[in-house]
Amino acid sequence: MVKAKSWVMTKHFDGFPKKSDFGLKVEELPEPKDGEVLLEAVFLSVDPYMRLFSKTHIKEGGVMIGEQVAKVIQSKNPAFPVGSHVVSNSGWRTHTLSDGTGLIPVLPEWPKDVSLSLALGTIGMPGLTAVYGIEEVLGLQKGETLLVNAAAGAVGSVVGQIAKIKGCKVVGSAGSDAKVAYLKELGFDEAFNYKTVGSLEEALRKASPEGYDCFFENVGGSSSYVILQQMKKFGRIAVCGSISTYNDSEPQTGPYPYSTMLFKELKMEGFIYSRWQHKNHETLKRLLAWVKEGKLQCREHVTKGFENMPAAFMGMLQGENIGKAVVSV
(Lines give C-alpha, C1' and ligand atoms only; values in the text may rest on other atoms or scores of the structure.)
Protein backbone atom coordinates (compact mmCIF):
# COMPACT_ATOMS: atom_id res chain seq x y z
CA MET A 1 0.00 0.00 0.00
CA VAL A 2 1.23 3.46 -0.93
CA LYS A 3 0.21 6.63 0.87
CA ALA A 4 -0.77 9.17 -1.77
CA LYS A 5 -1.03 12.88 -1.10
CA SER A 6 -3.19 15.25 -3.12
CA TRP A 7 -4.10 18.93 -3.05
CA VAL A 8 -7.82 19.67 -3.33
CA MET A 9 -9.68 22.92 -3.91
CA THR A 10 -11.74 23.26 -0.74
CA LYS A 11 -13.88 26.04 -2.23
CA HIS A 12 -14.04 27.89 -5.53
CA PHE A 13 -11.67 30.82 -5.74
CA ASP A 14 -13.17 34.25 -5.12
CA GLY A 15 -10.73 36.65 -6.76
CA PHE A 16 -7.09 35.76 -6.24
CA PRO A 17 -6.58 32.27 -4.72
CA LYS A 18 -5.80 32.08 -1.00
CA LYS A 19 -3.93 29.47 0.99
CA SER A 20 -7.19 28.58 2.76
CA ASP A 21 -8.71 27.58 -0.61
CA PHE A 22 -6.50 24.47 -0.68
CA GLY A 23 -6.49 21.34 1.43
CA LEU A 24 -4.00 18.43 1.62
CA LYS A 25 -5.51 14.93 1.60
CA VAL A 26 -3.81 11.59 2.25
CA GLU A 27 -5.14 8.23 1.11
CA GLU A 28 -3.84 4.69 0.71
CA LEU A 29 -3.77 3.28 -2.80
CA PRO A 30 -4.24 -0.45 -3.47
CA GLU A 31 -1.85 -2.55 -5.53
CA PRO A 32 -2.22 -2.19 -9.33
CA LYS A 33 -4.60 -4.64 -11.01
CA ASP A 34 -3.96 -6.22 -14.40
CA GLY A 35 -3.49 -3.46 -16.97
CA GLU A 36 -2.78 -0.83 -14.32
CA VAL A 37 0.34 1.08 -13.27
CA LEU A 38 1.28 3.00 -10.16
CA LEU A 39 2.81 6.40 -10.89
CA GLU A 40 4.99 8.53 -8.63
CA ALA A 41 5.21 12.24 -9.46
CA VAL A 42 8.67 13.63 -10.17
CA PHE A 43 7.78 17.11 -11.49
CA LEU A 44 4.42 18.86 -11.41
CA SER A 45 3.26 21.82 -13.46
CA VAL A 46 1.54 25.02 -12.37
CA ASP A 47 -0.05 27.02 -15.19
CA PRO A 48 -2.39 29.99 -15.65
CA TYR A 49 -5.10 27.87 -17.26
CA MET A 50 -5.63 26.10 -13.91
CA ARG A 51 -7.12 29.30 -12.50
CA LEU A 52 -9.43 29.72 -15.49
CA PHE A 53 -10.49 26.06 -15.66
CA SER A 54 -11.04 25.85 -11.90
CA LYS A 55 -14.44 27.46 -12.46
CA THR A 56 -15.63 24.76 -14.85
CA HIS A 57 -13.45 21.68 -14.44
CA ILE A 58 -13.09 21.28 -10.65
CA LYS A 59 -15.80 20.78 -8.05
CA GLU A 60 -15.29 21.95 -4.47
CA GLY A 61 -13.32 19.21 -2.74
CA GLY A 62 -11.92 18.00 -6.06
CA VAL A 63 -8.24 17.48 -6.81
CA MET A 64 -6.52 20.39 -8.56
CA ILE A 65 -5.98 19.68 -12.26
CA GLY A 66 -2.64 19.66 -14.05
CA GLU A 67 0.11 17.75 -15.76
CA GLN A 68 3.03 15.96 -14.17
CA VAL A 69 6.05 13.95 -15.18
CA ALA A 70 5.77 10.68 -13.31
CA LYS A 71 7.84 7.54 -12.87
CA VAL A 72 6.25 4.12 -13.17
CA ILE A 73 7.04 2.41 -9.84
CA GLN A 74 4.75 -0.62 -10.20
CA SER A 75 3.34 -2.03 -13.42
CA LYS A 76 0.96 -4.69 -14.62
CA ASN A 77 0.77 -3.06 -18.04
CA PRO A 78 3.51 -4.09 -20.52
CA ALA A 79 3.22 -0.76 -22.36
CA PHE A 80 4.61 1.05 -19.31
CA PRO A 81 7.53 -0.83 -17.70
CA VAL A 82 8.77 -0.05 -14.20
CA GLY A 83 11.30 2.78 -14.28
CA SER A 84 9.88 4.45 -17.38
CA HIS A 85 8.63 8.04 -17.30
CA VAL A 86 5.35 9.43 -18.62
CA VAL A 87 3.50 12.72 -18.85
CA SER A 88 0.16 12.37 -17.11
CA ASN A 89 -2.86 14.58 -16.43
CA SER A 90 -3.04 13.24 -12.89
CA GLY A 91 -3.44 16.61 -11.21
CA TRP A 92 -1.81 17.65 -7.96
CA ARG A 93 -1.07 14.12 -6.67
CA THR A 94 2.10 12.41 -5.46
CA HIS A 95 0.90 8.95 -6.58
CA THR A 96 -1.72 7.81 -9.07
CA LEU A 97 -3.19 4.49 -10.13
CA SER A 98 -3.76 4.48 -13.88
CA ASP A 99 -5.04 2.03 -16.48
CA GLY A 100 -2.70 3.70 -18.98
CA THR A 101 -5.34 5.84 -20.67
CA GLY A 102 -3.93 9.22 -21.64
CA LEU A 103 -0.40 8.47 -20.47
CA ILE A 104 2.24 9.85 -22.85
CA PRO A 105 5.66 8.19 -22.67
CA VAL A 106 8.58 10.61 -22.59
CA LEU A 107 10.29 10.61 -26.00
CA PRO A 108 12.64 7.61 -26.21
CA GLU A 109 15.42 9.81 -27.62
CA TRP A 110 15.29 12.17 -24.61
CA PRO A 111 18.92 13.07 -23.73
CA LYS A 112 20.19 12.14 -20.29
CA ASP A 113 21.54 15.67 -19.76
CA VAL A 114 18.14 17.33 -20.37
CA SER A 115 15.86 17.58 -17.34
CA LEU A 116 12.59 15.67 -17.63
CA SER A 117 10.86 18.77 -16.26
CA LEU A 118 11.09 20.25 -19.77
CA ALA A 119 8.37 17.76 -20.76
CA LEU A 120 6.07 20.15 -18.86
CA GLY A 121 7.53 23.23 -20.55
CA THR A 122 9.48 23.88 -23.72
CA ILE A 123 9.18 20.24 -24.87
CA GLY A 124 5.63 19.89 -23.60
CA MET A 125 2.29 21.66 -23.56
CA PRO A 126 3.69 25.25 -23.55
CA GLY A 127 6.03 24.45 -26.44
CA LEU A 128 3.23 22.80 -28.40
CA THR A 129 1.04 25.84 -27.73
CA ALA A 130 3.74 28.15 -29.06
CA VAL A 131 4.24 26.13 -32.25
CA TYR A 132 0.56 25.76 -33.06
CA GLY A 133 -0.20 29.40 -32.31
CA ILE A 134 2.58 30.52 -34.64
CA GLU A 135 2.14 28.00 -37.44
CA GLU A 136 -1.51 26.96 -37.43
CA VAL A 137 -3.22 30.15 -36.23
CA LEU A 138 -0.96 33.06 -37.23
CA GLY A 139 0.75 31.50 -40.22
CA LEU A 140 3.81 33.60 -39.35
CA GLN A 141 6.06 34.27 -42.36
CA LYS A 142 9.75 35.14 -42.62
CA GLY A 143 10.34 38.89 -42.39
CA GLU A 144 7.15 39.66 -40.47
CA THR A 145 6.99 41.44 -37.11
CA LEU A 146 5.51 39.61 -34.12
CA LEU A 147 4.49 41.02 -30.75
CA VAL A 148 4.08 38.70 -27.76
CA ASN A 149 3.03 39.72 -24.25
CA ALA A 150 3.80 37.81 -21.05
CA ALA A 151 6.89 37.18 -23.15
CA ALA A 152 9.10 35.83 -20.36
CA GLY A 153 6.57 33.16 -19.37
CA ALA A 154 6.45 29.48 -20.27
CA VAL A 155 4.67 30.03 -23.60
CA GLY A 156 5.78 33.55 -24.50
CA SER A 157 9.50 32.84 -24.21
CA VAL A 158 9.17 29.91 -26.63
CA VAL A 159 6.98 31.92 -29.01
CA GLY A 160 9.64 34.62 -29.35
CA GLN A 161 12.45 32.15 -29.94
CA ILE A 162 10.54 30.18 -32.58
CA ALA A 163 9.66 33.43 -34.35
CA LYS A 164 13.39 34.26 -34.48
CA ILE A 165 14.14 30.78 -35.85
CA LYS A 166 11.65 31.59 -38.61
CA GLY A 167 13.45 34.85 -39.46
CA CYS A 168 11.04 37.36 -37.94
CA LYS A 169 11.38 40.56 -35.94
CA VAL A 170 10.19 39.92 -32.38
CA VAL A 171 8.99 42.41 -29.78
CA GLY A 172 8.24 41.25 -26.24
CA SER A 173 6.37 42.82 -23.35
CA ALA A 174 7.07 41.64 -19.78
CA GLY A 175 6.50 42.77 -16.20
CA SER A 176 9.98 43.37 -14.75
CA ASP A 177 13.41 44.62 -15.77
CA ALA A 178 14.87 41.17 -15.03
CA LYS A 179 12.39 39.63 -17.46
CA VAL A 180 13.24 42.22 -20.11
CA ALA A 181 16.93 41.39 -19.69
CA TYR A 182 16.09 37.70 -20.15
CA LEU A 183 14.23 38.44 -23.38
CA LYS A 184 17.27 40.26 -24.70
CA GLU A 185 19.38 37.18 -23.84
CA LEU A 186 16.97 35.07 -25.88
CA GLY A 187 17.47 37.25 -28.93
CA PHE A 188 14.29 39.35 -28.92
CA ASP A 189 14.82 42.39 -31.14
CA GLU A 190 12.98 44.69 -28.74
CA ALA A 191 11.60 44.24 -25.23
CA PHE A 192 10.07 46.55 -22.64
CA ASN A 193 8.66 46.53 -19.12
CA TYR A 194 5.00 47.42 -19.48
CA LYS A 195 4.81 48.38 -15.79
CA THR A 196 7.37 51.17 -16.09
CA VAL A 197 6.85 52.62 -19.58
CA GLY A 198 5.14 55.98 -19.47
CA SER A 199 2.86 55.07 -22.36
CA LEU A 200 2.19 51.60 -23.74
CA GLU A 201 1.26 53.15 -27.07
CA GLU A 202 4.56 54.99 -27.30
CA ALA A 203 6.54 51.89 -26.26
CA LEU A 204 4.87 49.86 -28.99
CA ARG A 205 5.51 52.51 -31.62
CA LYS A 206 9.13 52.90 -30.58
CA ALA A 207 9.72 49.13 -30.71
CA SER A 208 8.16 48.81 -34.17
CA PRO A 209 7.22 52.11 -35.86
CA GLU A 210 5.88 50.25 -38.88
CA GLY A 211 3.38 48.29 -36.73
CA TYR A 212 2.84 44.58 -36.19
CA ASP A 213 1.86 41.79 -38.56
CA CYS A 214 1.09 39.30 -35.78
CA PHE A 215 0.21 39.46 -32.10
CA PHE A 216 0.42 36.42 -29.78
CA GLU A 217 -1.99 37.31 -26.99
CA ASN A 218 -1.48 35.92 -23.49
CA VAL A 219 -2.70 38.74 -21.25
CA GLY A 220 -6.03 40.28 -22.35
CA GLY A 221 -7.62 43.25 -20.67
CA SER A 222 -7.37 46.92 -21.59
CA SER A 223 -3.77 46.71 -22.82
CA SER A 224 -4.87 44.53 -25.71
CA TYR A 225 -7.07 47.32 -27.03
CA VAL A 226 -4.01 49.58 -27.18
CA ILE A 227 -2.05 46.88 -28.99
CA LEU A 228 -4.73 46.41 -31.64
CA GLN A 229 -4.32 50.07 -32.61
CA GLN A 230 -0.72 49.26 -33.58
CA MET A 231 -1.54 46.29 -35.81
CA LYS A 232 -0.87 46.54 -39.53
CA LYS A 233 -3.69 46.22 -42.04
CA PHE A 234 -4.77 42.54 -42.27
CA GLY A 235 -2.89 41.76 -39.04
CA ARG A 236 -3.46 38.42 -37.30
CA ILE A 237 -3.99 37.82 -33.59
CA ALA A 238 -3.71 34.44 -31.85
CA VAL A 239 -5.54 34.47 -28.50
CA CYS A 240 -3.78 31.96 -26.26
CA GLY A 241 -4.72 33.40 -22.86
CA SER A 242 -6.08 36.31 -20.86
CA ILE A 243 -4.26 36.04 -17.55
CA SER A 244 -5.00 39.64 -16.53
CA THR A 245 -8.69 38.70 -16.20
CA TYR A 246 -8.54 35.27 -14.55
CA ASN A 247 -8.76 36.54 -10.97
CA ASP A 248 -11.44 39.17 -11.56
CA SER A 249 -14.51 38.85 -9.34
CA GLU A 250 -16.45 40.99 -11.80
CA PRO A 251 -15.95 40.76 -15.59
CA GLN A 252 -14.01 43.63 -17.17
CA THR A 253 -15.95 45.83 -19.59
CA GLY A 254 -14.69 47.65 -22.68
CA PRO A 255 -13.14 49.33 -24.48
CA TYR A 256 -14.39 47.34 -27.44
CA PRO A 257 -12.11 46.60 -30.41
CA TYR A 258 -14.62 46.03 -33.18
CA SER A 259 -14.16 49.31 -35.05
CA THR A 260 -10.40 48.84 -35.04
CA MET A 261 -10.77 45.25 -36.24
CA LEU A 262 -13.15 46.39 -38.96
CA PHE A 263 -11.07 49.24 -40.40
CA LYS A 264 -7.77 47.34 -40.15
CA GLU A 265 -9.46 44.11 -41.34
CA LEU A 266 -7.85 42.13 -38.54
CA LYS A 267 -8.20 38.41 -37.96
CA MET A 268 -8.44 37.20 -34.34
CA GLU A 269 -8.67 33.54 -33.36
CA GLY A 270 -8.73 31.84 -30.00
CA PHE A 271 -7.14 28.41 -29.75
CA ILE A 272 -6.28 25.51 -27.47
CA TYR A 273 -3.30 23.36 -28.39
CA SER A 274 -5.24 20.08 -28.18
CA ARG A 275 -6.91 20.89 -31.52
CA TRP A 276 -3.73 19.63 -33.19
CA GLN A 277 -2.92 16.78 -30.82
CA HIS A 278 -2.56 14.43 -33.81
CA LYS A 279 0.65 16.37 -34.56
CA ASN A 280 2.01 16.33 -31.01
CA HIS A 281 4.56 13.53 -31.36
CA GLU A 282 6.29 15.02 -34.39
CA THR A 283 6.09 18.54 -32.94
CA LEU A 284 7.68 17.41 -29.67
CA LYS A 285 10.52 15.87 -31.69
CA ARG A 286 11.03 19.21 -33.46
CA LEU A 287 11.10 21.08 -30.15
CA LEU A 288 13.59 18.61 -28.67
CA ALA A 289 15.80 18.99 -31.76
CA TRP A 290 15.79 22.79 -31.41
CA VAL A 291 16.77 22.44 -27.74
CA LYS A 292 19.61 20.02 -28.59
CA GLU A 293 20.82 22.37 -31.34
CA GLY A 294 20.86 25.33 -28.94
CA LYS A 295 18.17 27.19 -30.88
CA LEU A 296 15.73 27.07 -27.97
CA GLN A 297 16.91 28.19 -24.54
CA CYS A 298 14.96 27.01 -21.50
CA ARG A 299 14.68 28.66 -18.11
CA GLU A 300 12.64 27.24 -15.26
CA HIS A 301 11.37 28.56 -11.95
CA VAL A 302 11.57 25.46 -9.76
CA THR A 303 9.85 25.18 -6.38
CA LYS A 304 10.92 22.23 -4.26
CA GLY A 305 8.44 20.17 -2.30
CA PHE A 306 4.94 18.88 -3.02
CA GLU A 307 3.77 20.72 0.10
CA ASN A 308 4.50 23.99 -1.71
CA MET A 309 2.14 23.43 -4.67
CA PRO A 310 -0.34 26.17 -3.66
CA ALA A 311 2.46 28.69 -3.04
CA ALA A 312 4.04 27.89 -6.42
CA PHE A 313 0.66 28.26 -8.13
CA MET A 314 -0.09 31.62 -6.50
CA GLY A 315 3.44 32.86 -7.15
CA MET A 316 3.09 31.99 -10.84
CA LEU A 317 -0.19 33.91 -11.04
CA GLN A 318 1.62 36.92 -9.54
CA GLY A 319 4.33 36.71 -12.18
CA GLU A 320 7.18 35.58 -9.93
CA ASN A 321 8.51 33.12 -12.50
CA ILE A 322 10.81 33.64 -15.46
CA GLY A 323 10.19 30.78 -17.86
CA LYS A 324 8.22 27.69 -16.83
CA ALA A 325 7.03 27.30 -13.24
CA VAL A 326 7.38 23.71 -11.99
CA VAL A 327 7.42 21.90 -8.67
CA SER A 328 9.95 19.15 -8.02
CA VAL A 329 8.96 16.41 -5.58
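Up top you'll find the structure we're talking about.
Residues numbered from 1 in each chain as written. Predicted model: local features only at pLDDT ≥ 70, side-chain atom pairs only at ≥ 80, totals over all residues. Heavy atoms only, no water.

What am I meant to see in the packing of helix H2 (residues 125-138) against helix H8 (residues 280-292) here?
The angle between the axes and the distance between the axes are what describe a pair of packed helices. Taken N-terminus to C-terminus, the directions of H2 and H8 make an angle of 105°; their axes are 10 Å apart at the nearest point. Between H2 and H8, the crossing angle belongs to the class labelled roughly perpendicular. Across the interface between the two elements, Gly 127, Leu 128, Val 131, Tyr 132 and Glu 135 from H2 touch Asn 280, Thr 283, Leu 284, Arg 286, Leu 287 and Trp 290 from H8. (Axes fitted to C-alpha atoms, helices over the stretch in contact; angles between N-to-C directions. Helix = DSSP H or I, 4+ residues; strand = E, 2+ residues; numbered from the N terminus. Parallel < 35°, antiparallel > 145°, perpendicular 65-115°, else oblique. Contact = heavy atoms within 4.5 Å.)

Got a minute to help me understand the state of the cysteines in this structure?
Two cysteines whose sulfur atoms are joined by a covalent bond form what is called a disulfide. By the definition in use, this model includes zero disulfides. No disulfide involves Cys 168; its sulfur sits 7.6 Å from that of Cys 214, the nearest cysteine. We note that Cys 240 lacks a disulfide partner, and the nearest cysteine sulfur, in Cys 214, lies 14 Å from it. (Disulfide = S-S within 2.5 Å.)

How should I be thinking about the sheet that holds strand E8 (residues 145-148) in this particular structure?
With parallel pairing, six strands are arranged side by side in an open sheet as E10-E9-E8-E11-E12-E13. Of all the strands in the sheet, the pair left with one neighbour each is strand E10 (190-193) and strand E13 (267-270). Recorded for the sheet is a direction-independent mean angle of 15° between the axes of neighbouring strands. Strand direction decides the pairing type here: strand E12 (residues 231-239) and E13, joined by four bridges, are parallel. Bridge pairing in E13 links Val 239 to Gly 270. (Pairing = 2+ DSSP bridges.)

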